[in-house]
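Read off the chains here:
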Amino acid sequence: MEATDDFEQWREHVSNAFVPLDAVSVGAARFEGSVGSASLRSLKLSEVAGRQVDVRRTRATIRCADPGLIKVGMQLTGHGVITQHNHRAVLAPGDFAVYDTREPYDLRFDGDFSMFVLMFPRDRLRIGAQRLTDITARRIDGNHGLGQLMSTFLAGLRRSLADGSLPTTAMFEDAIFDLLGATLEAEGAHTPPGSVLLVEAESVIDSTLADPSLSTAAIAAQLHISTRYLQKLFEAEGRTVSGWIRGRRLEQCRRDLSDPRLRPDSIATICARHGLPDQSSFSKLFRAAYGVSPSDYRADPPAV
């Protein structure tokens, strides 16, 4: 593991270990992180640690290099959020998720974290394209069923890598992919009822954030379901529709405020762009969410 307190250096190490990525430090505390990697035939095994960062695979970074790889990330410490294909996996230690470097994704870590990551060519994963799409960025519980078996196996793989006892035979590599494929097939076969509609609702919200009149009723009508059923879908996840809309708008505004390319845009322009035309109300919401005013956040943005 190569440790550093230089965020720019850490960001470079992360891109070198995986694929080209954008990373933003979102914390006020001094950054600390580390990255370490090793190879097992077609597998690349990495452990990455850091503090309060957003890591993004964007269309621009995909154009830089698109080797067509799949990643499996298991949370070791702290908590992380992986978003891809309008799916969102919130990971606690032991949980893991799959994501695809050929498509944009976002990883967010709000505190100190560490993650163990497997990366390999897509053709090594023996599941169909639709099943892969269905399971991408879905939390796989590391405490139950095949998810627990896979999580325990990954933890053992990490220990073997650290102490130098990792087998390097083709049969062992095949066994890793067999177990992973079986786990993903089983998880994909038990997609909770309503989850597809929930993903569709989140997609509608993200595509219409600029509309200040966006409402629960309007989203339900677009999906041809009742308002109450839409509310129940969000309640099952411990959320509300209005709270999710507000949170997504604030997050988009926060990112715009930290983007040096958007310096010419006023704060009023930015908040209106994402469906919050009342700058006074926006400022109150932003301070409540992030602890500082929009102007103070913009004056001292996270390192990019």
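Preceding block: the structure.
None of these values were measured; they are calculated from a predicted model.

1. Thoughts on the packing of helix α7 (residues 216-223) against helix α8 (residues 227-235)
Phase 1: The geometry of α7 relative to α8 is characterised by a closest axis approach of 8 Å and an angle of 100° between their N-to-C directions. One element, α7, and the other, α8, form an angle in the roughly perpendicular class. Residue-level inspection shows Thr216, Ala217, Ile219, Ala220 and Leu223 of α7 in contact with α8, the latter providing Thr227, Leu230 and Gln231.
Phase 2: Split into classes, the residues belonging to the contact of α7 with α8 amount to five nonpolar, three polar and no charged.

2. Focus: the pattern of salt bridges
Phase 1: Scanning the model with the defined rule gives 29 salt bridges in all.
Phase 2: For Arg30, the salt bridge is made with Asp5, and the minimal N-O distance between the two is 3.0 Å. Separated by 25 residues along the polypeptide, Arg30 in the loop between β2 (22-25) and β3 (33-40) and Asp5 in the loop between β1 (2-4) and α1 (7-17) bring together distant segments of the chain.
Phase 3: Take Asp5: its relative accessible area is 48%, and that puts it in the partly exposed class.
Phase 4: The closest approach of N and O atoms between Asp54 and Arg254, which form a salt bridge, is 3.0 Å.

3. Regarding the packing of aromatic side chains
Phase 1: Under the counting rule described, the total for this entry stands at 11 aromatic pairs.
Phase 2: The interplanar angle of 50° and the centroid separation of 4.7 Å between the aromatic rings of Phe286 and Tyr290 together place this pair among those described as tilted. Separated by four residues within a single helix, Phe286 and Tyr290 lie in helix α11 (residues 279-290), roughly one turn from each other.
Phase 3: Between the aromatic rings of Tyr290 and Tyr297, the centroid separation amounts to 6.4 Å while the plane-to-plane angle is 40°, which identifies the pairing as tilted.
Phase 4: Of the residues examined, Tyr297 reaches a relative accessible area of 11% and is grouped as buried.
Phase 5: A cation sits over an aromatic face here: Lys71 above Phe18, 4.1 Å from the ring centre.
Phase 6: When the ring centre of Trp244 is taken as reference, the NZ or CZ atom of Arg239 above it lies at 4.3 Å.

4. Topic: the environment of Asp265
Phase 1: Mapped onto the fold, Asp265 is located in the loop between α9 (241-257) and α10 (267-273).
Phase 2: Ignoring sequence-local partners within four residues, the contact set of Asp265 consists of Ile270, Arg273 and Arg298.
Phase 3: Polar side-chain contacts of Asp265 include one of 2.5 Å to the side chain of Arg273.

Procedures and definitions
- Residues numbered from 1 in each chain as written.
- Predicted model: local features only at pLDDT ≥ 70, side-chain atom pairs only at ≥ 80, totals over all residues.
- Heavy atoms only, no water.
- Axes fitted to C-alpha atoms, helices over the stretch in contact; angles between N-to-C directions.
- Helix = DSSP H or I, 4+ residues; strand = E, 2+ residues; numbered from the N terminus.
- Parallel < 35°, antiparallel > 145°, perpendicular 65-115°, else oblique.
- Contact = heavy atoms within 4.5 Å.
- Nonpolar A, V, L, I, M, F, W, Y, C, P; charged D, E, K, R; others polar.
- Salt bridge = Lys/Arg side-chain N within 4 Å of Asp/Glu carboxyl O.
- Buried < 20%, exposed > 50% of the residue type's maximum accessible area, 1.4 Å probe, protein only.
- Phe/Tyr/Trp six-rings, centres within 6.5 Å; stacked < 30°, edge-to-face > 60°.
- Lys NZ or Arg CZ within 6 Å of the ring centre and 35° of its normal.
- Polar contact = N/O pair within 3.5 Å; in protein donor to acceptor, adjacent residues only side chain to side chain.

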